[in-house]
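Breakdown of the fold
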Amino acid sequence: MELNKLLRPHLLNLTPYSSARDEFKGEADVYLDANENAFGSTSSDNYRRYPDPYQSELKAIIGKIKNIDSEYIFLGNGSDEPIDLLIRALCTPSRDKIIITPPTYGMYEVSANINDVEIIKIPLTADFELETDKILEAIDSDVKIIFLCSPNNPTGNSMEKKDILRVVKAFSGLVVLDEAYIDFSSQPSFIPELQSDENLVVLQTFSKAWGLAALRLGMAFANPEIIKVLNMIKPPYNISGATQELALDALKNEDKLASMVQDILAQKKRLKSMLLELPSVIEVYPSDANFLLVKVAKAHEIYLKLIAGKVIVRDRSKVALCEDCLRITVGTAEENKALIAELKRVS
Ligand SMILES: *Cc1c(COP(=O)(O)O)cnc(C)c1O
């Protein structure tokens, strides 16, 4: 991969913002370099100082858990931040393009639209697999990024590993593989592939299995050259001190993650069998994530009736290939029971 040729040309000469924390990195007694309030704050005193712009303590621990060097890690304000930064770094507005494979996560399209970047859509097959041949045929010299999502949202399935690898190997631009649901999956992460595939970016997040959606903390794993570019164009202090602190706490309790995931997967199995007993349910699709895509008769009507009963699911019935489908997050045993009771009542 020649990253310099993929980057928007003006970035090759960009002078990034140099923060106080960039210009002095050592230990000192008196810090009068960042215009912080030396007297206190109207809230906790823990947040008077600007945070570590590169989150080195967090990255060291994440690196240990994911078995990868810190220099392969970028942290963003949700995974949505690296999605946007990658598009901005590589795609010249109204000239370059991205490829997406709908039905999939909506932010790739929204970010591309915000940045005035053309989108080529290569829909998944009827059983939600990648149309690998068609993806490869759609590549031209203006396509800079291909976004893949596995396990995919909203379909819930993992893509075939050989299909993902085929795209990664054949494409000279970046392949961004969104693994937001990887902790629930029976499939391994593609992070180990980063050693052999320089053009791969793997996205993960603290929003799903880690249970920290409100923190807004996403991870991008990639070749250090790509990470350097993201660091150059990100807002200087994109991860707040409070987020870094709470994420460090969460990582200390990493041992709780696996059992929480097991509980969610057990509930998913129960929810699936309860759903399949309902006459209104036509199909529950295989899921490697913490949600189920469910085909029901009159999905939109049922969705509205569920809302009236104060149970909210996601209506995907207008999404191509997901006609008459609801996307249902796996809840607690009580929440799932309440959902089933409402579904029985309304259908
Ligand atoms: C939920 C989700 C995310 C998470 O985004 P954050 O900004 O990290 O909360 C990313 N990708 C997919 C496919 C998702 O479903």
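1. Comments concerning the pattern of salt bridges
- Going through the model one piece at a time under the given rule, you end up with 20 salt bridges.
- Note that R49 is salt-bridged to E36, the shortest N-O span being 2.6 Å. Within this pair, whereas R49 is found in the loop between α2 (20-23) and α3 (56-66), its partner E36 is found in the loop between α2 and α3, the two being separated by 13 residues in sequence.
- Taking the relative accessible area as the measure of exposure, R49 reaches 35% and is therefore partly exposed.
- Its salt-bridge partner being R95, residue D96 comes within 3.4 Å of it at the nearest N-O pair.
- Given a relative accessible area of 0%, D96 falls into the buried group.

2. Examining the state of the cysteines
- Taken as a whole and judged by the stated rule, the model has zero disulfides.
- C149 supplies the cysteine sulfur nearest to C91, a cysteine that is in no disulfide, at a spacing of 18 Å.
- Considering cysteine sulfurs only, C322 is the nearest to C325, which forms no disulfide, with 5.3 Å between them.

3. Side note on the side chain of Q204
- Counting through the fold element by element, Q204 comes out in strand β6 (residues 200-205).
- There is a polar contact of 2.7 Å between the side chain of Q204 and the side chain of K66.
- Among the polar contacts made by the side chain of Q204, one reaches the side chain of E179 at a distance of 2.9 Å.
- Among residues more than four places away in sequence, those in contact with Q204 are K66, S79, E179, I182, S189, I191, G218, M219 and F221.

4. Some details on the domain arrangement of the protein
- Domain boundaries in the protein define domain 1 (3-252) and domain 2 (255-346).
- The interface is formed by 23 residues belonging to domain 1 together with 20 residues belonging to domain 2.
- Surface buried jointly by domain 1 and domain 2 totals about 1,600 Å² across both partners, of which 66% is contributed by carbon and sulfur atoms.
- The three residues of domain 1 that bury the most area against domain 2 are F128, P154 and F184, which together make up 38% of that side's buried surface.
- Applying the counting criterion to the domain 1 and domain 2 interface returns zero salt bridges.
- Linking domain 1 to domain 2 there are five residue pairs in polar contact (both at pLDDT 80 or more).
- Here the side of domain 1 that touches domain 2 is composed, by residue class, of eleven nonpolar, ten polar and two charged.

5. Some points on unusual backbone geometry
- A cis amide bond links P102 to the next residue, P103, at an omega of 0°.
- Looking at where P103 falls in the secondary structure, it is placed in the loop between β2 (97-100) and α5 (107-114).
- Residues N153 and P154 are joined by a peptide bond in cis, for which omega reads 15°.
- You can see P154 is positioned in the loop between β4 (143-149) and α7 (161-170).

Definitions and cut-offs
Note on numbering: residues in each chain are counted from 1, in written sequence order. Residue-level local features of this predicted model are given only where pLDDT is at least 70; pairs of side-chain atoms are given and counted only at 80 or more, and the full residue set underlies all totals for whole chains, interfaces and linings. Neither water nor hydrogens contribute to the side-chain values; these are computed over all heavy atoms in the structure. Just to be clear on terms, a salt bridge is a Lys or Arg side-chain nitrogen sitting within 4 Å of an Asp or Glu carboxyl oxygen. By the criteria applied, helices consist of DSSP H or I runs no shorter than four residues and strands consist of E runs no shorter than two, each listed in order from the N terminus. For each residue, the accessible area found with a 1.4 Å probe, counting protein chains only, is set against the maximum for its type, and the residue is called buried under 20%, exposed over 50%, and partly exposed in between. A pair of cysteine sulfur atoms is labelled a disulfide when the two atoms are within 2.5 Å. What qualifies as a polar contact is a pair of N or O atoms within 3.5 Å, subject to a donor-acceptor requirement within protein and to the restriction that residues adjacent in sequence count only when both atoms come from side chains. Two residues form a contact once any of their heavy atoms are found within 4.5 Å. Residue ranges for the domains trace back to a domain assignment, done automatically or taken from a database. For any pair of parts, buried area is found by adding up, for both, the accessible area (1.4 Å probe) each one loses once the two are put together. Polar here means any residue other than Ala, Val, Leu, Ile, Met, Phe, Trp, Tyr, Cys and Pro, which are nonpolar, and Asp, Glu, Lys and Arg, which are charged; Gly is therefore polar.

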